[in-house]
Amino acid sequence: MNSIRMHELKILPEFFVPVWNGTKTFELRDDDRDFNVGDWLDLNEWTEDGGYTGRHVKVRVVYKLPSGRAMGLLPDGVCALGISNPCPRRLCPYCGYPLCGSVSMPDGICYKCGRDWKEGME
Ligand SMILES: [Zn+2]
């Protein structure tokens, strides 16, 4: 058996948000890191202009479809991973931005739109 590993990866904001809130349950990735079911992905939000944003989400690999088993639908070297977010986080009720607890929302003010997200939750 392989031992369980944590893979550190980049992810663009447009994909980070749905993984964060638990709606995006798959990843297509270059299969160059020996991903295995049971491993964890630490997905670090990243933009081409600004680099790492500091937000990240840890998800579990629950399924792996290698390119060779996808009837030619995946390019060589690409795999499809089923992922599970064990702790989906909520989004700002006003602007949809991920609520990041202690880091960016210490006082309940949304980092993105500046509104009090605690009020919007009630
Ligand atoms: Zn907001």
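Residues numbered from 1 in each chain as written. Predicted model: local features only at pLDDT ≥ 70, side-chain atom pairs only at ≥ 80, totals over all residues.

Draft legend 1. Highlighting the overall build of the chain. Helices and strands together make up the secondary structure of the chain, namely two helices and five strands. When the helices and strands of the chain are listed from N to C terminus, the series reads β-α-β-β-β-β-α. In the chain, which comprises 122 residues, the proportion classed as buried is 17%. Here the analysis covers contacts within the chain between residues at least 6 apart in sequence; of these, 54% occur between residues at least 24 apart. (Helix = DSSP H or I, 4+ residues; strand = E, 2+ residues; numbered from the N terminus. Buried ≥ 20, exposed ≤ 12 C-beta atoms within 10 Å, placed from the backbone. Contact = placed C-beta atoms within 7 Å.)

Draft legend 2. Summary view of the nonpolar core. Counting residues in each nonpolar core, the largest one holds 13 residues, and the members touching the most others are Phe 16, Val 19, Trp 20, Leu 43, Val 57 and Val 59. In terms of residues, this core owes the most to one element, helix α1 (residues 13-20), which gives four residues. Sequence-distant contacts of Val 57, that is, excluding residues within four places in its chain, are made with Phe 16, Val 19, Trp 20, Leu 43 and Asn 85. (Core = buried A, V, L, I, M, F, W, Y, C linked by C-beta atoms within 7 Å.)

Draft legend 3. Structural context of the confidence of the model for the chain. Averaged over every residue, the pLDDT of the chain is 86; the share at 70 or more is 89%. Within the model, the stretch residues 102-106 combines pLDDT values under 50 with seven contacts to residues more than four positions away or in other chains. (pLDDT = per-residue confidence, 0-100.)

Draft legend 4. Representation of the sheet that holds strand β4 (residues 51-65) within the structure. A sheet is described by the order of its strands in space; here five strands give the open sequence β1-β3-β4-β5-β2, paired in mixed fashion. The open sheet terminates on both sides in strands that have one partner only, identified here as β1 (6-11) and β2 (26-30). Taken pair by pair, the neighbouring strands of this sheet meet at an average axis angle of 45°, ignoring direction. Here β2 runs beside strand β5 (residues 78-84); their pairing, made up of five bridges, is antiparallel. Within β5, the residue paired with Asp 30 across the bridge is Val 78. (Pairing = 2+ DSSP bridges. Axes fitted to C-alpha atoms, helices over the stretch in contact; angles between N-to-C directions.)

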